[in-house]
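# Residue-level structure breakdown
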Amino acid sequence: MVKFSKELEAQLIPEWKDAFVNYWQLKKHVKKIKISRKPKHVQDGNSALDFGRSIFDSIRSFTINFHKAADKPEVPQVKSIIKEGEDGSEQEEQEEMYETENELAQLFSEEDGVRIFFEMLDEELKKVNDFYKTKESEFLERGDILNKQLQILLDLKQVLSDRRRKIHGSRSGSGFFSRTNSLSGRNSDFSETASEYCDSPTGTETSQTEEVIAALEKNGINFVNSASTRAKTKIGKPKMAMRIDIPATTPTRTIAAVTSMLWEDLVNNPKKDGPREYINKKKIQCAEKMIRSAFVELYRGLGLLKTYSSLNMVAFVKILKKFDKVAKQQASASYLKQVKRSHFISSDKVVRLMDEVESLFTQHFANSDRKKAMKFLRPQQNKESHMVTFFVGLFTGCFVTLFSVYAILAHLSGMFSPRTEAGYVETVYPIFSMFALLSLHLFMYGCNLFLWKSTRINYNFIFEFQPRTALKYRDAFLIGTCLMTAVVGALVIHLILLSSGFSPSQVDAIPGILLLIFLALLICPLNIFYRPTRFYFLKVIRNIVCSPFYKVLMVDFFMADQLTSQIPLMRHLESSACYFLAGSLTTHGLPTCKSGRMYRELAYVISFAPYYWRAMQCARRWFDEADINHLANLGKYVSAMVAAGARLTYARTPDSQLWLAIVLVTSAIATVYQLYWDFVKDWGFFNLKSKNPLLRDELILKNKSIYYVSIALNLVLRVVWVETVMHFNVGLFESRLLDFSLASLEVIRRGHWNFYRLENEHLNNVGKFRAVKAVPLPFRETDSDG
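Residues numbered from 1 in each chain as written. Predicted model: local features only at pLDDT ≥ 70, side-chain atom pairs only at ≥ 80, totals over all residues. Heavy atoms only, no water.

### Notes on the overall build of the protein chain
Formally: Per the convention used, a helix needs a DSSP run of H or I reaching at least four residues, while a strand needs a run of E reaching at least two, with both numbered from the N terminus. We call two residues in contact when some of their heavy atoms are within 4.5 Å. Residue burial considers only the protein chains on display, and all accessible areas are found by Shrake-Rupley using a 1.4 Å probe.
Along the protein chain, the regular secondary structure elements total 28 helices and 7 strands. Counted over contacts in the protein chain with a minimum sequence separation of 6, partners at least 24 positions apart contribute 75%. As displayed, the protein chain has an accessible area near 41100 Å², and 59% of this comes from carbon and sulfur atoms.

Following this line, the structure appears as structure tokens:
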């Protein structure tokens, strides 16, 4: 049977961990009471009562009748005290205090421990109630806002549909209204400041805004604000504007929004009574998607709050049972009655709101199909299959066996002898080392997923992954082992055919074919081999390449950081593409790719690209959030670009002392910059005021020495660039092996960095109690001038 403490730790909401009952601390205190409990004879009732009075009178604001306790023992009771506000009004400020009357003469032998225990229990009960009330009010307020947003959407659809039929008569159209509908008028204006899910309007079609607003107000939606400072129209009502306010995330839609704004200002020549704003089918569809997503997140938050309530109730029951067992008294019954009367248990507002959300979502977003609605509101995670574990072991064994066979065959055939080494290494090495680095990165990512899950870091929430399709650590291991098994198998086949006398021009096509197969599998539209993950990966890569036009999410800049550690992989991809596009691998392909001007210039582009993308992401985040720290982070990637360019230039002119000095200076500056950002910003370490020397106040791993070892390891792996200026005198194969080893160390360093980066992000989320995604809402009321 699993202990409740472990069960609670496994089920509690990580972001709300600090708001839960501190069951572990209460459990420790019960153990202290058990240890300190010693049987003592009570001399007489009066002396015991006098002793009890001296203990409890100092912490209570009411009088206890001690004489009744001498005749009849009482169980601990809980009283709820309402503190009045400063003006004496109970309605203005009310704070529930939970205090325990403990008059059991049998417990006076350990009165200090019992008193402290119930004081701690009172504090925990107050903490749970306060947090529950706060979250409940937030969700109820969100529910009211969403209800209004949904009503606006429904009324807007109906009014525009009626208006369209009235104007166009029998003209054919699709949906509720045509693509070119627009609204403008005196009392209310519609505009789109940006677009996320839909494009900007392509045309205009006027309609009467007064008619639309009258219909909306008839349905109970009032846009009139009584503030005297607002501008007034001729009829005495404040001039208001309703906007479809959707954040810009895509480049085409951002540009389209700017173009639309300029078109309205320069071409349409707005009238004095207000600008003409446009609304069309795509805008309403976009607003509908946002409201639907907001309902899903609200329902998820309500479910979490319901779980929070039930887990805390069980925690109170369990800890009071432990206390009864130690004290050998039935002291929990009275206290549990008060706990059950507490707000976090007695309130049914969350349940009623969940039912309402289910009803609205089913009716308006699922065509009254409850089963379909529940797929959105309660998405089921795919169950982990033992077949995945089986295939991971199978492919791992195949990889080890095939690699051993390859090593033996390469040694027997003398493939790495000076006579055949150059051609074989230059043609085969780039592609196979590229796949090896990719597989290593997948393995490190699988390790990250395993550690994040083990330490209850909610990476799905941080990255905004869909739990149903998110990659699990076993899946990452399966992809990596499958990839490496295929690669080493192709290596063995290539080596056997080459040793059997086949023409190198024929067998050297095997690496290229393998590369094409994996590229085709990556973009394959069929629902095989983790299609949601493959398409999501392509989407993230698109967002990175098009930086800064796309809004930057956590997963976007996290993946861009991974690319900065995979520059050798991209260089190998460049080499492979050059060899195959040259048309011949055995005649002039190698010299062309080594000495070609375009090839050399492209090497600079590839070395700069990941740092440039990351810098542009920092610029976009600074533009969106106005946080100066993003500009400082941009400087880190600019320094890395300069250092990478200097090292690449020095590698081509190794005898230049000037470039050697430039490499040392730029690389040293970039390394110090990166180390500072790793330790202080990304990991949150080197806090001089922390209770853990040079670390954070909050640590997930219990063994602190791991953090110090990680600091030292990250420091060592950050300075591997020193190899570029040492010039080890080794052969071609050894130099390639050394380059591969250094690239592998950088991938390992990045995987090591990933855990602490997300740990710090998780702890920041915990501190802010963010457990659900904040979805922006489309409809917003503003002054017509704003």
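### Quick look at the packing of helix 20 (residues 554-564) against helix 23 (residues 597-625)
To keep it simple, the criterion reads: Helix axes are fitted to C-alpha atoms over the stretch in contact, other axes to C-alpha atoms as well, and angles between N-to-C directions run from 0 to 180 degrees. The scheme is simple: roughly parallel for angles under 35 degrees, roughly antiparallel for over 145, roughly perpendicular for 65 to 115, oblique for anything else. Here is the rule for handedness: rotate from the far helix to the near one, and if that takes an anticlockwise turn smaller than a right angle the crossing is left-handed, while a clockwise turn gives right-handed. Classes in brief: Ala, Val, Leu, Ile, Met, Phe, Trp, Tyr, Cys and Pro nonpolar; Asp, Glu, Lys and Arg charged; the others, Gly included, polar.
Running from N to C, helix 20 and helix 23 point in directions that differ by 155°, and their axes come no closer than 8 Å. As far as their axial angle goes, helix 23 and helix 20 are roughly antiparallel. Both helix 20 and helix 23 take part in a crossing whose hand is left-handed. When helix 20 is examined against helix 23, the residues Asp556, Phe557, Ala560, Asp561, Leu563 and Thr564 are found in contact with a partner set consisting of Pro610, Tyr611, Trp613, Arg614, Gln617 and Arg621. For the contact of helix 20 with helix 23, the residue count by class is 6 nonpolar, 2 polar and 4 charged.

### Observations regarding the packing of helix 16 (residues 473-499) against helix 18 (residues 509-522)
Relative orientation of the contacting elements helix 16 and helix 18 amounts to 160°, with a least axis distance of 10 Å. For the element pair helix 16 / helix 18, the angle class is roughly antiparallel. Between helix 16 and helix 18 lies a crossing whose hand is right-handed. For the pair formed by helix 16 and helix 18, the contact residues are Leu483, Ala486, Val487, Ala490, Ile493, His494 and Leu497 on the first element and Ile510, Pro511, Leu514 and Phe518 on the second. Partitioning the contact of helix 16 with helix 18 into residue classes produces 10 nonpolar, 1 polar and no charged.

### A short note on the pattern of salt bridges
Here is the rule we go by: Definition used for salt bridges: Asp or Glu carboxyl oxygen within 4 Å of a side-chain nitrogen of Lys or Arg. Relative accessible area decides the class of each residue, using a 1.4 Å probe on protein chains only: under 20% of the type maximum gives buried, over 50% gives exposed, and in between gives partly exposed.
One pass over the structure, following the stated rule, counts 19 salt bridges. In this structure, Arg352 and Asp348 form a salt bridge, with 3.3 Å as the shortest nitrogen-oxygen distance. Given a relative accessible area of 40%, Asp348 falls into the partly exposed group. In this structure, the salt-bridge partner of Glu746 is Arg749, at a minimum N-O distance of 3.0 Å. With a gap of 3 residues between them, Glu746 and Arg749 both fall in helix 28 (residues 732-768), about one helical turn apart.

### With respect to the nonpolar core
Note the following rule: Put simply, a nonpolar core is a bunch of buried Ala, Val, Leu, Ile, Met, Phe, Trp, Tyr and Cys residues held in one set by side-chain atoms that sit within 4.5 Å of each other.
By size, the foremost hydrophobic cluster in this structure holds 68 residues, and its most contacted members are Trp16, Phe117, Leu121, Phe295 and Tyr308. Contributions of two or more residues to this core are made by helix 1 (4-11), helix 2 (23-36), helix 5 (111-168), helix 8 (281-327), helix 9 (332-341), helix 11 (349-365) and helix 12 (370-377). With 21 residues, the top contributor of residues to this core is helix 8. Look past the residues within four positions of Trp16 in its chain and what remains in contact with it is Phe131, Lys135, Phe139, Gly301, Leu304, Leu305, Tyr308, Phe769 and Ala771. In this structure, Leu437, Met444, Phe465 and Phe477 belong to the second largest nonpolar core, which totals 65 residues.

### Section: the packing of aromatic side chains
How we decide: Here the aromatic set is Phe, Tyr and Trp, taking the six-membered ring for Trp, and pairing holds for ring centres within 6.5 Å; pairs whose planes are under 30 degrees apart are stacked, those over 60 apart are edge-to-face, and all others are tilted.
Evaluated as defined, the whole model comprises 39 aromatic pairs. Arranged with centres 5.1 Å apart and planes meeting at 80°, the rings of Phe118 and Phe323 form a pair that is edge-to-face. Of this pair, Phe118 sits in helix 5 while Phe323 is found in helix 8, placing the two residues 205 residues apart along the sequence. Residue Phe118 is classed as buried on the basis of its relative accessible area, which comes to 2%. Judged by relative accessible area, Phe323 falls into the buried class, the value being 1%. A ring pair is formed by Phe465 and Tyr536, whose centres lie 5.7 Å apart and whose planes are at 85°; its orientation type is edge-to-face. One end of the pair, Phe465, is in the loop between helix 15 (459-463) and helix 16; the other, Tyr536, is in helix 19 (residues 531-545), with 71 residues separating them in the sequence. Judged by relative accessible area, Phe465 falls into the buried class, the value being 18%.

### Some points on the state of the cysteines
Put simply, the rule reads: Cysteine sulfur atoms that come within 2.5 Å of each other are treated as a disulfide pair.
Following the criterion strictly, the structure yields 0 disulfides and no others. Free of any disulfide, Cys482 has its nearest cysteine sulfur in Cys398, 10.0 Å distant.

### Here we look at a nonpolar patch on the surface
Going by this rule: Think of a patch as exposed residues, more than 30% relative accessible area, with no salt bridge, where like charges cluster within 9 Å and nonpolar side chains (Val, Leu, Ile, Met, Phe, Trp, Tyr) cluster within 5 Å.
Residues Met387, Phe390, Phe391 and Leu394 make up a contiguous nonpolar surface patch of about 370 Å² in total accessible area. Looking at where Leu394 falls in the secondary structure, it is placed in helix 13 (residues 386-413).

### Let's talk about the environment of Glu464
Its place among the elements puts Glu464 in the loop between helix 15 and helix 16. A sequence separation of 308 residues divides Glu464 from Val772, and the C-alpha atoms of the two residues are 9.8 Å apart. Those residues in contact with Glu464, other than ones at most four positions away along the chain, are Tyr459, Tyr536, Leu553 and Lys773.

### Section: unusual backbone geometry
Of note, the amide linkage connecting Ser547 to Pro548 takes the cis form, showing an omega dihedral of 10°. Residue placement: Pro548 occurs in the loop between helix 19 and helix 20. We note that Asn367 has phi near 55°; this positive angle belongs to a residue other than glycine. One can find Asn367 in the loop between helix 11 and helix 12. Here Asn367 falls in the exposed class, since its relative accessible area comes to 67%. Non-glycine residue Leu694 carries a positive phi angle of around 65°. Here Leu694 falls in the partly exposed class, since its relative accessible area comes to 37%.

### Some words on helix 21 (residues 567-581)
Test applied: What a helix is expected to span follows from its residue count: subtract one and scale by 1.5 Å.
For helix 21, with 15 residues, the first-to-last C-alpha span of 21 Å sits near the 21 Å given by 1.5 Å per residue. Taken together, the buried positions of helix 21 are Ile567, Leu569, Met570, His572, Glu574, Ser575, Ser576, Cys578 and Tyr579.

### Concerning the UniProt feature "transmembrane region" (unreviewed entry) in the protein chain
Note the threshold: UniProt positions are given in the numbering used here, feature names are shortened, and annotations may be inferred rather than shown by experiment.
On the UniProt side, "transmembrane region" (unreviewed entry) is annotated at positions that read residues 388-409, 429-452, 473-497, 509-530, 658-677 and 705-726 here. As annotated, residues 429-452 has a helix share of 100% and a strand share of 0%, and its two end C-alpha atoms lie 34 Å apart. Note that residues 658-677 is 100% helix and 0% strand, and that its end C-alpha atoms are spaced 29 Å apart.

### Observations concerning a positive patch on the surface
Using the following cut-off: A residue counts as positive if it is Lys or Arg and as negative if it is Asp or Glu; His and the chain ends are not included. Lysine's charge is taken at NZ, arginine's at CZ, aspartate's at CG and glutamate's at CD.
There is a patch of like positive charges on the surface, built from Lys3, Lys6, Lys28, Lys31, Lys32, Lys34, Lys318, Lys321, Lys322, Lys325 and Lys328. For the positive patch, the elements supplying multiple residues, two or more each, are helix 2 and helix 8.

### Considering the side chain of Ser342
In plain terms, the rule: Counted as a polar contact is a pair of N or O atoms within 3.5 Å, where, for protein atoms, one must be capable of donating a hydrogen and the other of accepting one, and residues adjacent in sequence contribute only when both atoms are in side chains.
Summarising the element assignment, Ser342 is placed in the loop between helix 9 and helix 10 (343-346). Reaching out from Ser342, the side chain makes a polar contact with the backbone oxygen of Gln338 at a distance of 3.0 Å.

### Considerations on the confidence of the model for the protein chain
Here is the rule we go by: Each residue carries a pLDDT value, the predictor's own confidence for that position, ranging from 0 to 100.
In this model, the protein chain carries an average pLDDT of 77, and 71% of its residues clear a pLDDT of 70 or more. Here strand 3 (residues 182-183) stands out as the element of the protein chain with the lowest mean pLDDT, 32, in contrast to helix 20, whose mean of 95 is the highest. The model gives residues 584-588 a pLDDT under 50, and that stretch makes 10 contacts with residues more than four places away or in other chains.

### Side note on the environment of Arg718
Within the element layout of this structure, Arg718 appears in helix 26 (residues 705-718). For Arg718, a relative accessible area of 12% translates into the label buried. In this structure the C-alpha to C-alpha distance between Arg718 and Gln674, which are 44 residues apart in sequence, comes to 8.3 Å. One polar contact links Arg718 to Asp678, side chain to side chain, over a distance of 2.9 Å.

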